[in-house]
Amino acid sequence: MKLYNTLSRKIEEFIPQDPNLVKLYACGPTVYDFTHIGHVRKYTMDDVLVRTLRHAGYDVKFVRNITDVGHLASDSDTGEDKLEKGAKKYGSSVWDIAQKFEDYFHQSMDTIGNVRPNITSKVTEHIQNQLDLVKKLEEKGFTYVIPEDGVYFDTSKFPRYGELAKLNKEGMKDGARVDVVAGKRNPTDFALWKFERAGENRAMAWESPWHPRSFPGWHIECSAISMEHLGEQIDLHTGGIDHIPVHHTNEIAQSEAATGKSPFVKYWVHHNFLFIEGKKMSKSLNNFFTLEDLAKKEYDPMAFRLLLLTAHYRSEMNFTWDNMEGSQVAWEKLMDKVQFLLKEKEAISNLEIEKSIRQTVEESEGIESEKVVSLKKRFFDAMENDLSTPEAIAVMWEMLGSDLRADQKYSLLLNFDEVLGLGLARIELKQQEIIPESVEDLVDQRQVARDNKDWQLADDLRSRINDLGYEIIDHAVIGQELIKK
Ligand code: AMP
Ligand code: ZN
């Protein structure tokens, strides 16, 4: 397995610390508003990563947090609390807002077919772990307090600060990445723990050694939760590319400073953004769509998943209604293919099938299996090469269009789908409906015409059948098949 590691800016061979267990942490959503299709892109590609690792034989322990405590809207530890903002917008309590949007997030993940992590952790249920980590950093001399503001991490005490983001002197200057905050010793210092301001009366506040009403800063949660469930050093950590310069840079600093161990994360995987009609989609810009919005326009969530898979996770992706429409058509084509394969597969396994046909099938098996092996190799090589989903999807279509037998195609498709996650194994053969005798008659007559090689008559009969609302498909093995239009 090869993965692009943001730390080295290179595609590297993936070698976990423990050859049998991959420890993976994904930054979870801030649950103050609806999960949009940009989030869905990020978490679907996490899902594809986990599926690919598992398929490659690794046992993966996958942990994701739920940010249900208010982060301040800016990366500078200032601005409005996001959850309080959500509570105001929807007229309910912060706790209710967090629960409502956490539920919505899980529903969206289920709808798009993402496997749930082994552990999902709410930040509010890990307050003590976070406090302990800040205390540890304080004991080791990495912190200082800005009165009436918070406990800050002193980045000058951590010489490797900024390596992930390749921050140069310019990037570390006042105001370059984060706004200037009065009292900070260095422009890159960040809040580990924040204090309620005088007269603020926050809905979520906890007692801490530094302040009776205080709350975690927005980076400490991921270090604390990851250490709690996965230990001090992990293999993989994912997040959106927006997290590189501040959030993940700070996670590394506080984690490695606290444990004295490096690296905190061996491979950093960052997902690129989904844009909508060329614009950045975000909750704050209010130009976002949910999976429900797609469903209202009669787009299948799996057609959206298929669309996501056609773009590489490190490329920007531009969502347009035209490409959504195109993907819906492709999805329907895939569904038709699955129905077709199920029917042919059933016919092949049917004992009634003529012996001669069975013999041809058996004879061709030896040659075809080489093709099966080669398609499988190309598909999984693409997936294991930094999750090259566009290439893998192209191999899938090529395989479906090949001259492999239906049962071979079907089992390859399900094999591919273990990592694609389109839910194809759940699709069942549609029940045949009762066909009027007049139509059956025409089908029989067409078969006779075909046997007599009277193609003109066969075509005429096909159009008469069409006029009666049915369509004929000519299968290689089972012959004619009738479908209601
Ligand atoms: P948030 O809830 O805003 O913290 O976002 C949760 C995750 O979704 C983060 O890893 C973000 O980087 C990612 N994300 C947010 N908006 C988008 C988008 N438009 N496209 C792709 N990923 C996004
Ligand atoms: Zn995080």
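Each value, and the rule that gives it
- Residues numbered from 1 in each chain as written.
- Chains lettered and ligands numbered in written order.
- Predicted model: local features only at pLDDT ≥ 70, side-chain atom pairs only at ≥ 80, totals over all residues.
- Heavy atoms only, no water.
- Helix = DSSP H or I, 4+ residues; strand = E, 2+ residues; numbered from the N terminus.
- Buried < 20%, exposed > 50% of the residue type's maximum accessible area, 1.4 Å probe, protein only.
- Contact = heavy atoms within 4.5 Å.
- Areas by Shrake-Rupley, 256 points an atom, 1.4 Å probe, with all protein chains shown as cover.
- Pairing = 2+ DSSP bridges.
- Axes fitted to C-alpha atoms, helices over the stretch in contact; angles between N-to-C directions.
- Parallel < 35°, antiparallel > 145°, perpendicular 65-115°, else oblique.
- Left-handed = near helix turned anticlockwise from the far one by under 90°.

This part is about the overall build of the protein. The helix and strand inventory of the protein stands at 14 helices and 16 strands. If you line up the protein on its principal axes, its C-alpha atoms span 95 × 50 × 35 Å. Relative to its 485 residues, the protein shows a buried fraction of 53%. Partitioning the intrachain contacts of the protein with sequence separation of at least 6 by distance along the chain shows that 74% fall at a separation of at least 24. Accessible surface computed for the protein: about 22100 Å², of which carbon and sulfur atoms make up 49%.

This paragraph deals with the pairing of strand E7 (residues 150-153). One face of the sheet, then the other: side chains in a regular strand alternate in exactly this way. Two strands pair when backbone bridges link them, and strand E6 (residues 143-146) and E7 are joined in this way by four bridges, in the antiparallel orientation. Paired with isoleucine 146 across the bridge in E7 is glycine 150. The turn linking E6 back onto E7 is made up of three residues, and glutamate 148 within it adopts a positive phi angle of 60 degrees. Of the pairings in the sheet, the one linking E7 to strand E8 (residues 190-195) comprises four bridges and is antiparallel in character. Bridge pairing links valine 151 to tryptophan 193 in E8.

Once that is clear, we can look at the sheet that holds E7. Strands belonging to one sheet form pairs held by backbone hydrogen bonds; the direction of such a pair is parallel or antiparallel. Strand order across the open sheet formed by four strands is E6-E7-E8-E9, with antiparallel pairing between neighbours. What marks the edges here is a single partner per strand, and that holds for E6 and strand E9 (214-216). Shown here is a sheet whose adjacent strand axes are inclined to one another by a mean of 25 degrees, direction ignored. Judged from the three bridges that link them, E8 and E9 form a sheet pairing that is antiparallel. Across the sheet, the residue bridging to tryptophan 193 is proline 216, located in E9. Of the strands in this sheet, E7 and E8 are in contact with helix H6 (residues 244-259), which crosses E8 at around 85 degrees.

At a minimum axis distance of 8 Å, the contact between helix H5 (residues 220-230) and H6 shows a crossing angle of 50 degrees. Between H5 and H6, the crossing angle belongs to the class labelled oblique. As H5 packs across H6, the resulting crossing turns out to be right-handed. Residues Ile220, Cys222, Ser223 and Met227 of H5 form the contact with H6, whose own contacting residues are His247, Glu251, Gln254, Ser255 and Thr259.

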